[in-house]
Amino acid sequence: MSGKVVLYYFNGRGKMESIRWLLTVAGVEFEEVFFTERAQYEKLVNDGSLLFHQVPMVEIDGMKLVQTKAILNYIAGKYNLYGKDLKERAWIDIYAEGARDMMDMIRLLSVTPPDKKQEKIDSLEVKAKVRSLPAFEKALTGSQFLVGAQLSCADVSLFEASLMLEELFPTILSSFPNIQAFQKRMKAIPAISKFLQPGSKRKPPPDEAYIKIIKGVMSHLFD
Amino acid sequence: MSGKVVLYYFNGRGKMESIRWLLTVAGVEFEEVFFTERAQYEKLVNDGSLLFHQVPMVEMDGMKLVQTKAILNYIAGKYNLYGKDLKERAWIDAYAESARDIMDVIMVTPFTPPEKKQSHLEGLQVKAKVRTLPAFEKALGASQFLVGGQLSCADVTFFEASLMLEELFPTILSSFPNIQAFQKRMKAIPAISKFLQPGSKRKPQPDEVYVKTVTSVLSHMFK
C-alpha cells in the first residue's frame, strides 16, 4: 500500500498544516499541489476529486480523502500514533481536539474584520491560559507524553498549537513549565527538528497575499 | 466494563444531541444531568470534571469524557459502528464530519443576531444543496449504508442532520431520492423508531428558554 502522498491546498498553513506536521512526524514524504486560481479548484470539483467541494484533500493509499479530522485520524491510525486501545484513543481525541480548537481560533483571526480582531485575540488568550493550557500542563505532570507512554497525534497537535500560541503571545507559556519541557523534548525529535528549519515544508503564518488567494479561489465562501 | 452512562449538558439538543442519537442506536441506556444554573457548571469546573471547562461531558466506563468528537468516536468504536478497518473508518469520519459541519451551522442559528439570521439560513441551504447533499446522494445510490455495507456512526449522524435540515427547509430532500429512501430505512430501525416518538430522550428544537439557559450558564462566552 504505497504510492505518493499528495496534498491539495493553498501555499500556506490553514487546515492543512496539522496534516503536514503529522505526516512529517510519521516519517511520510509528501508532495503538494497549491491552488492559486479558482479554475484549478473548479476543475477538481467537477472531476469529483473534492467530495464536499472543500479542501484540504489528500491523495493517499488510493483514496482522495477530505475532511481534516478524517485525514488526521487515518494517518494517526496507520502510523501508530493513535494509542494502544479505545480508551487511549478517546483521550488522544480529547487532547487533540482541545489543541485544534485553539488553532481554529487562531486561524479565524486572519479573516476577522480589523475592528473585531483585538477582542477575539483577547478572548483566545483567556481561553488558552484559563481553560486549555492548564489541562495540558496537568496531563504532562510526571509524563513524557499526553496519553499512554508513547507519542501520539495529540502530542503533535499540542506542539503545533503551542508554537502558534507563542507566535501570538510570546510569553504565554511562562507559567506552564511542563509544557515548556514538553516542547523541548518534541524539538529534539529529528523529524521535528528538521521541519522547524528553513527550507522545510512548514508554512509561515498567513499574510495578505495568502488571504487574497484564498478569497479568490474560494470566492463562493466570501460573497 | 459497565456502570451508568451519564450525560452532562443542557436540556436541549446542542452538541449533545448527536451523542444521544448514537447511544440510542448502539442500544446503550443513559441518564442525564441538566444544567440550569451557572453554579452547577462552576462546581464541575472546580472539581476537575470538565477538562477544558466545556460541555458536553459524558461519564462512561470510568472516564469523564469531553469533546464531542472524542465521545462519538469512542462510542462508535466500542459498539461496532466504526467500520471494519482504517480505510472504512476514514470514509466514515469524512461523511460524519460533513454532516456535523451542517449541524454546527444549524446549531448557532438561535444565537445569531436577528438581522443576520436570514443570510445565515440562506448560506446554509446553498451549502447543503450544492456541496453536501449531492455527495451523500451519490454514496447512497450504490449502497444501503454510507460506508462498507453496514450501519456506522456516519449513517446515524447523517440521518440526524437530514432531519434537522428538513425542520428548517421542509422540501430540501425533494431532489434527493436516495437520501429519502435512506431515511425510510433508518426510521424502520426499532431503536430509532422509538427515539422518534414522543416521550423519548430526543430533544426538541431550541427555544427562547434554551437560549437563555445556555447564555446564562456559559455567561463567560457571551460577554
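Before reading further, recall that the structure is shown in the block above.
Residues numbered from 1 in each chain as written. Chains lettered and ligands numbered in written order. Predicted model: local features only at pLDDT ≥ 70, side-chain atom pairs only at ≥ 80, totals over all residues. Heavy atoms only, no water.

### Overview of the overall build of chain A
As a reminder, the rule being used: Only DSSP runs of H or I reaching four residues or more are called helices, and only runs of E reaching two or more are called strands; each is numbered from the N terminus. For a compact globule the rule gives 2.2 Å times the number of residues to the power 0.38, and the radius of gyration it is set against comes from C-alpha atoms. Type-normalised accessible area, obtained with a 1.4 Å probe on protein chains alone, sets the label of each residue: buried when under 20%, exposed when over 50%, and partly exposed for intermediate values. The contact definition used throughout considers only heavy atoms, calling two residues in contact when any of these lie within 4.5 Å. Accessible areas in this description were obtained via Shrake-Rupley with a 1.4 Å probe; residue shielding takes into account the shown protein chains only. This count recognises Lys and Arg as positive and Asp and Glu as negative, with His and chain-terminal groups excluded. To locate a charge, take atom NZ for lysine, CZ for arginine, CG for aspartate or CD for glutamate.
Helices and strands together make up the secondary structure of chain A, namely nine helices and four strands. Along chain A, helices (α) and strands (β) appear in the sequence β-α-β-α-β-β-α-α-α-α-α-α-α when read from the amino end. In terms of C-alpha radius of gyration, chain A reaches 18 Å, essentially the compact-globule figure of 17 Å for 223 residues. For chain A, the proportion of its 223 residues judged to be buried stands at 52%. Contacts spanning at least 24 positions in sequence make up 67% of the contacts within chain A whose residues lie at least 6 apart. When the accessible area of chain A is evaluated, it comes to approximately 10,200 Å², of which 54% is carbon and sulfur surface. Separation between the mean location of the 30 positive side-chain charges and that of the 27 negative ones in chain A comes to 2 Å.

### Quick look at the sheet that holds strand 3 (residues 57–60) of chain A
Residues and elements named next belong to chain A. So the rule is basically this: For two strands to pair, DSSP has to find at least two bridges joining them. To get an axis, a line is fitted to the C-alpha atoms, and for a helix only the part in contact is used. The angle between two axes follows their N-to-C directions and goes from 0 to 180 degrees.
Reading across from one edge, 2-1-3-4 is the order of the four strands in this open sheet, with mixed pairing throughout. Here the strands that pair on one side only, and so sit at the sheet edges, are strand 2 (31–34) and strand 4 (63–66). Each strand axis lies, on average, 20° off the axis of its neighbour in the sheet, ignoring direction. Pairing geometry for strand 3 and strand 4, over four bridges, is antiparallel. Counterpart to E59 in the pairing with strand 4 is K64. Sheet strands in contact with helix 1 (residues 17–25) are strand 1 (6–9), strand 2 and strand 3, and its direction is about 165° off that of strand 1.

### What about the interface of chain B and chain A?
Just so we agree on the cut-off: Here the buried area means the combined drop in accessible surface, using a 1.4 Å probe, for two parts upon being joined, counting both sides. Note on definitions: salt bridges are taken to be side-chain nitrogens of Lys or Arg within 4 Å of carboxyl oxygens of Asp or Glu. Think of a polar contact as two N or O atoms within 3.5 Å of one another; within protein, one of them needs to be a possible hydrogen donor and the other a possible acceptor, and neighboring residues in sequence only count if both atoms come from side chains. Each residue is assigned to one of three groups, with Ala, Val, Leu, Ile, Met, Phe, Trp, Tyr, Cys and Pro labelled nonpolar, Asp, Glu, Lys and Arg labelled charged, and all others, Gly among them, labelled polar.
Counting residues at the interface gives 36 residues for chain B and 37 residues for chain A. Between chain B and chain A, roughly 3,200 Å² of surface is buried when both sides are summed, and carbon and sulfur atoms account for 64% of that area. Applying the counting rule to chain B against chain A returns zero salt bridges. Our count for the contact surface shared by chain B and chain A stands at five residue pairs in polar contact (both at pLDDT 80 or more). Elements that contribute at least two residues to the side of chain B that touches chain A include exactly strand 4 (63–66), helix 3 (68–78), helix 4 (86–108) and helix 5 (114–139) of chain B. If one sorts the elements of the side of chain B that touches chain A by residue count, helix 4 of chain B sits on top with eleven residues. Among the residues forming the side of chain B that touches chain A, the class breakdown is 17 nonpolar, eight polar and eleven charged.

### Some points on the packing of helix 5 of chain B against helix 6 (residues 153–168) of chain B
Residues and elements named next belong to chain B. Operational definition: Each angle receives one of four descriptions, namely roughly parallel if under 35 degrees, roughly antiparallel if over 145, roughly perpendicular if within 65 to 115, and oblique otherwise. Left-handed describes a crossing whose near helix is turned anticlockwise from the far helix by less than a right angle; the clockwise case is right-handed.
Running from amino to carboxyl end, helix 5 crosses helix 6 at an angle of 140°, the nearest separation of the two axes being 12 Å. Taken together, helix 5 and helix 6 sit at an angle that is classed as oblique. For the pair helix 5 and helix 6, the sense of crossing is left-handed. On the side of helix 5, the interface is formed by L121, L124, A128, L133 and F136, while helix 6 contributes F158, L165 and L168.

### Observations regarding the pattern of salt bridges
One pass over the full model with this rule turns up 26 salt bridges over all chains. The shortest N-O distance in the salt bridge between E31 of chain B and K4 of chain B comes to 3.5 Å. Here the residue E31 of chain B occupies a position in strand 2 (residues 31–34), and K4 of chain B occupies one in the segment before strand 1 (6–9), the gap between them amounting to 27 residues. Connected through salt bridges with shared partners, the residues E17, R20, E32 and K203 of chain A form a single ionic network.

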